Amino acid sequence: AQSVTQLDSHVSVSEGTPVLLRCNYSSSYSPSLFWYVQHPNKGLQLLLKYTSAATLVKGINGFEAEFKKSETSFHLTKPSAHMSDAAEYFCVVSDLMFSGGYNKLIFGAGTRLAVHP
Amino acid sequence: SQTIHQWPATLVQPVGSPLSLECTVEGTSNPNLYWYRQAAGRGLQLLFYSVGIGQISSEVPQNLSASRPQDRQFILSSKKLLLSDSGFYLCAWIHPGLTYGYTFGSGTRLTVV
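Student: Mind laying out the state of the cysteines, listing which residues take part and the relevant values?
Tutor: In total, this model carries two disulfides over all chains according to the counting rule given. With its sulfur 1.9 Å from that of its partner, A:Cys23 forms a disulfide with A:Cys91. Taking the torsion about the sulfur-sulfur bond, which here is approximately -70 degrees, the covalent link between A:Cys23 and A:Cys91 counts as left-handed. On the criterion of sequence distance, the pair formed by A:Cys23 in strand β4 (residues 23–26) and A:Cys91 in strand β10 (residues 87–95) is long-range, its members being 68 residues apart. Relative accessible area serves as the criterion here: at 0%, A:Cys23 is assigned to the buried category. According to the relative accessible area criterion, A:Cys91 is buried, its value standing at 0%. One disulfide in the model links B:Cys23 with B:Cys91; its S-S distance is 1.9 Å. Across the S-S bond linking B:Cys23 and B:Cys91, the dihedral sits near -75 degrees, which makes this disulfide left-handed.

Written out as structure tokens, the structure reads:
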């Protein structure tokens, strides 16, 4: 079964400093991985996705993530945090072995990012 | 263009009262539809999915039910709410056969008091 572990429930950074949100996955086959962002009381927005193409994936708002199969990791990074980046971030894996032939998203518990001036 | 609508945005309901949350999709046909719930401090958990009218599958046993009376309408219901039903409910859709490209609604914040 697929699973996702986000290693930090809260991360706090200063504006202008780098952001690192850590994610490890468990999968018996090549996974599709995603990062979603959720601003307070809003729906989910897709930041980026990995679907077995380039291992370094660039997303919106300056975020990127690197798929490392040897480490089963898919960490999210950004060189310089902005106040507007404060939100909750979810690492997600797509379960391709879903019963009935459909797929579902399996979410990590989330990392709340705080950005201080 | 394809859009997804979810309402209401917020809801406060007493324990034991009924619930009805609605989700509709526009601009596509025969979407796969999903209901997810986010409990406080936790990630999203899949509650129900549907691949067609009247076809509902449940992921976890619970106090909730779902229905799909029309192709692009997905309803989440309860006859009697529990305190543990509080959370953030999200509807999502995707084209059948795709593994990415989910679109999420804006969510409903449900507080059971």
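Student: Got a sec to walk through the nonpolar core? Specific residues and values, please.
Tutor: Residues A:Trp35, A:Leu48, A:Phe74, A:Leu76 and A:Tyr89 are the most contacted members of the largest nonpolar core, which totals 27 residues. Broken down by element, the residue count for this core peaks at four residues, all from β10(A). Ranked by size, the runner-up nonpolar core spans 21 residues in total, among them B:Leu47, B:Val60, B:Phe74 and B:Cys91.

Student: Residue-level account of unusual backbone geometry, with values.
Tutor: All names here are of chain B. Each neighbour pair has its own omega, and for Trp7 with Pro8 the value is 0 degrees, a cis peptide bond. Secondary-structure assignment places Pro8 in the loop between β1 (3–7) and β2 (10–13). Despite not being glycine, Asn30 shows a phi value in the positive range, around 55 degrees. With respect to the helices, strands and loops of the structure, Asn30 is situated in the loop between β3 (19–26) and β4 (32–38). For Asn30, a relative accessible area of 37% corresponds to the partly exposed category.

Student: Explain the environment of B:Trp35 residue by residue, including any values.
Tutor: Here B:Trp35 is to be found in strand β4. Through-space distance from the C-alpha of B:Trp35 to that of B:Cys23 is 9.1 Å; in sequence the pair is 12 residues apart.

Student: Explain the sheet that holds β1(B) to me, using residue names and the numbers behind them.
Tutor: Residue and element names in this part refer to chain B. Taken in spatial order, the four strands line up as β1-β3-β8-β7 in an open sheet, and their pairing is antiparallel. Pairing within the sheet leaves two strands with one partner each, and these edge strands are β1 and β7 (65–70). Averaged over all neighbouring strand pairs, the angle between strand axes comes to 20 degrees, with direction disregarded. Looking at chain direction, β7 and strand β8 (residues 73–78) are connected through four bridges and run antiparallel. By the bridge assignment for β8, Gln70 is matched with Gln73.

Student: Mind laying out the environment of A:Val37, listing which residues take part and the relevant values?
Tutor: Residues and elements named next belong to chain A. Inspection of the secondary structure assignment puts Val37 in strand β5 (residues 32–38). Along the chain, Val37 and His116 lie 79 residues apart, while their C-alpha atoms are 18 Å from each other. With residues up to four places along the chain from it excluded, the contact list for Val37 reads Gly43, Leu44, Gln45, Leu47, Ala87, Glu88 and Tyr89.

Student: Hey, could you go over the interface of chain B and chain A for me, with residue numbers and the actual values?
Tutor: Chain B puts 22 residues into the contact, and the matching count from chain A is 23 residues. Summed over both partners, the interface of chain B with chain A comes to about 1,800 Å²; 58% of that surface belongs to carbon and sulfur atoms. For the pair chain B and chain A, the interface holds two residue pairs in polar contact (both at pLDDT 80 or more). Mapped by element, the contributors of at least two residues to the side of chain B that touches chain A are β4, β5 (44–52) and β9 (87–94) of chain B. Classifying every residue of the side of chain B that touches chain A gives 12 nonpolar, seven polar and three charged.

Procedures and definitions
Residues numbered from 1 in each chain as written. Chains lettered and ligands numbered in written order. Predicted model: local features only at pLDDT ≥ 70, side-chain atom pairs only at ≥ 80, totals over all residues. Heavy atoms only, no water. Disulfide = S-S within 2.5 Å. Helix = DSSP H or I, 4+ residues; strand = E, 2+ residues; numbered from the N terminus. Buried < 20%, exposed > 50% of the residue type's maximum accessible area, 1.4 Å probe, protein only. Core = buried A, V, L, I, M, F, W, Y, C linked by side-chain atoms within 4.5 Å. Pairing = 2+ DSSP bridges. Axes fitted to C-alpha atoms, helices over the stretch in contact; angles between N-to-C directions. Contact = heavy atoms within 4.5 Å. Buried area = accessible area lost by both parts, 1.4 Å probe. Polar contact = N/O pair within 3.5 Å; in protein donor to acceptor, adjacent residues only side chain to side chain. Nonpolar A, V, L, I, M, F, W, Y, C, P; charged D, E, K, R; others polar.

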